[in-house]
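Given next are the chains, with one letter for each unit.
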Amino acid sequence: MTKKIFDPFNISDNNFEQCVKCTICTVYCPVMPVNPEFPGPKQSGPDGERLRLKDPGFFDESLKLCLNCKRCEVACPHDVKIGDIIQSARIKYSENKPKVRDMILANTDIVGTLASSLAPIVNTAVALKPVRKMMDSVLKIDHHRMFPKYSGQRFETWYRKNAKKTQGNFKKHVSYFHGCYVNYNFPQLGKDLIKIMNAAGYGVHLLNKEKCCGVALISNGLVNQATKQAKHNVKAFTESIVEKQMPVISTSSTCIFTIRDEYPHLLGVKNDEIREESELATRFLFRLIDSGELELVFKKDYKKRIAYHTPCHMEKLGWSLYSTQLIKMIPGVDFVQLDSQCCGIAGTFGFKKENYKSAQGIGQPLFNQINDTKVDFVATDCETCKWQIEMSTPSKVENPISILAEAIDVEATMKFWNK
Ligand code: SF4
Ligand code: SF4
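Residues numbered from 1 in each chain as written. Chains lettered and ligands numbered in written order. Predicted model: local features only at pLDDT ≥ 70, side-chain atom pairs only at ≥ 80, totals over all residues. Heavy atoms only, no water.

A. Expanded view of the site of ligand 2. Taken together, the neighbourhood of ligand 2 is formed by Cys29, Pro30, Val31, Phe38, Pro41, Cys66, Leu67, Asn68, Cys69, Lys70, Cys72 and Ile86. Across the shell around ligand 2, the residue classes break down as 10 nonpolar, one polar and one charged. (Near = heavy atom within 4 Å. Nonpolar A, V, L, I, M, F, W, Y, C, P; charged D, E, K, R; others polar.)

B. Fine view of the packing of aromatic side chains. What the rule picks out here adds up to 11 aromatic pairs. Between the aromatic rings of Tyr202 and Phe284, the centroid separation amounts to 5.3 Å while the plane-to-plane angle is 85°, which identifies the pairing as edge-to-face. Of this pair, Tyr202 sits in strand β2 (residues 202-206) while Phe284 sits in helix α15 (residues 281-290), and the two are 82 residues apart along the sequence. Exposure class is identical for Tyr202 and Phe284. Each is buried. (Phe/Tyr/Trp six-rings, centres within 6.5 Å; stacked < 30°, edge-to-face > 60°. Helix = DSSP H or I, 4+ residues; strand = E, 2+ residues; numbered from the N terminus. Buried < 20%, exposed > 50% of the residue type's maximum accessible area, 1.4 Å probe, protein only.)

C. The arrangement of the environment of Tyr159 in detail. When you line up the elements, Tyr159 lands in helix α9 (residues 155-162). What makes Tyr159 buried here is its relative accessible area of 3%. With 45 residues separating them along the chain, Tyr159 and Val204 place their C-alpha atoms 9.8 Å apart. Dropping the residues within four chain positions of it, Tyr159 is found in contact with Lys164, Gln167, Ile194, Val204, His205 and Leu206. (Contact = heavy atoms within 4.5 Å.)

D. The site of ligand 1, seen in detail. Every residue near ligand 1 is listed here: Cys19, Val20, Lys21, Cys22, Thr23, Cys25, Lys42, Pro46, Cys76, Pro77, Val80 and Ile82. The residue makeup of the shell around ligand 1, split by class, is nine nonpolar, one polar and two charged.

E. Spotlight on the domain arrangement of the chain. Looking at the chain, the domain boundaries give domain 1 (16-93) and domain 2 (304-407). The straight-line distance from the C-alpha centre of domain 1 to that of domain 2 is 26 Å. Taken together, the 13 residues of domain 1 in the interface contact 15 residues of domain 2. At the boundary of domain 1 with domain 2, total buried surface from both sides reaches about 1100 Å², with 64% on carbon and sulfur atoms. Joining domain 1 to domain 2, the criterion identifies one salt bridge. In this structure, Lys316 engages Glu73 in a salt bridge whose closest nitrogen and oxygen atoms are separated by 3.0 Å. Across the side of domain 1 that touches domain 2, the residue classes tally to seven nonpolar, two polar and four charged. (Domains from an automatic or database assignment. Buried area = accessible area lost by both parts, 1.4 Å probe. Salt bridge = Lys/Arg side-chain N within 4 Å of Asp/Glu carboxyl O.)

F. How the structure looks around the pattern of salt bridges. Taken as a whole, this structure holds 19 salt bridges when the rule is applied. Among the salt bridges present, the one from Asp102 reaches Arg101, with a minimum N-O distance of 2.7 Å. On the accessibility criterion, Asp102 (7% relative accessible area) is buried. Among the charged side chains, a salt-bridge network with shared partners connects Lys21, Lys42, Asp47 and Arg50.

G. Highlighting the sheet that holds strand β6 (residues 333-337). Spatial strand order, β6-β5-β7-β8: four strands in an open sheet with parallel pairing. Looking at strand neighbours, the two that pair on one side only are β6 and β8 (397-398), the edges of this open sheet. Pairing geometry for strand β7 (residues 377-379) and β8, over two bridges, is parallel. Paired with Val378 across the strands is Val397, a residue of β8. (Pairing = 2+ DSSP bridges.)

H. Structural detail: the sheet that holds strand β1 (residues 172-177). Sheet architecture is open: four strands sit in the order β2-β1-β3-β4, paired in parallel fashion. Pairing within the sheet leaves two strands with one partner each, and these edge strands are β2 and β4 (278-280). Strand-to-strand twist in this sheet, taken as the mean axis angle between neighbours without regard to direction, amounts to 40°. In the sheet, strand β3 (residues 248-250) pairs with β4 via three bridges, with the strands oriented parallel. Its bridge partner lying in β4, Val248 is registered against Ser278. In the packing of helix α11 (residues 187-199) onto the sheet, the strands contacted are β1, β2 and β3, and the crossing angle to β2 comes to about 145°. (Axes fitted to C-alpha atoms, helices over the stretch in contact; angles between N-to-C directions.)

Quick look at the structure:
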């Protein structure tokens, strides 16, 4: 309780003073319409911060219902860092200790390492109804929730055996932050990234022992661990970007958003030296094409109708344009832009029994739109959006990099820079 003492010199790091109480942010919050217990961005953010600075006793545990989607920040005309204010308050004042369930959901590296080594057993077990019911009653992980499958071979293992030795053959180089999903669940996305980057004339290298970006640790209150991992990752990025002059690209919008923005804003881990050279692979590729350095040549027989879903963190980054423009460059694509709205899963939020109903309620307008839009599949840059959409609609979901990898004519593209 010692931290709950009024300190007149304890000014907020966040810019709540810029709020003019226009309430626009409340219209864009996806939680408010489905959960009346959540006070909303204005009240939880700038309004609450004024009170909490006077007396931290005003902190309200209902702030945990914020998804940290940042849609309120995108809407705010005065650039108030509403999501940051709410998450910082949770970090500073919450007295709720993470439960066993939260630690399991947040420790993606440990769980991924164990689960991928026993992938066939784990995949079968978590698909069984009695196992899901047991996890529901013991751990409070909702029994409706489908888990992503684990891969028997980790991406890093595949890379060392199959790709590492040829990457030095290229004149230009990037490092790849693959993230937990690619490493433990879906190595094919990492393979697709290497296919595209090699076709574009770039060798792809792995960082010096990357760790999970920590987004799930932050949202589950394991901030010390998240900070330790953030410092490790910033060091690995610095080695690549500053020492080796190799930018770092990623295929996960949430990982790259966390590394660029949440590290300094929420964890106080400085990343000035690496931030600008850390980006999403689709943005990197788009910029190469835009500058005339690259031309992607596509197969003539690739014909698909594809709808793009904008993940919340892509909306905040303002980067969905890069992914959608790349997809639209494929001549055989009939492109559909879905309305930008939250899918509801918010990382580990939608796995929790107490949040499941809200998560599905938030995502329902998106699911309805996907169901009404007859497409071959949905494209998105976030793996948890993919899990949520695939669980809640009949549509399959692909990362834009996998779409490009399937549509590209590798030999014709390589001729462009090999001339
Ligand atoms: S949109 Fe911005 S300025 Fe308006 S109430 Fe929300 S935080 Fe305040
Ligand atoms: S970050 Fe998202 S969930 Fe949280 S207050 Fe803002 S809009 Fe609502």
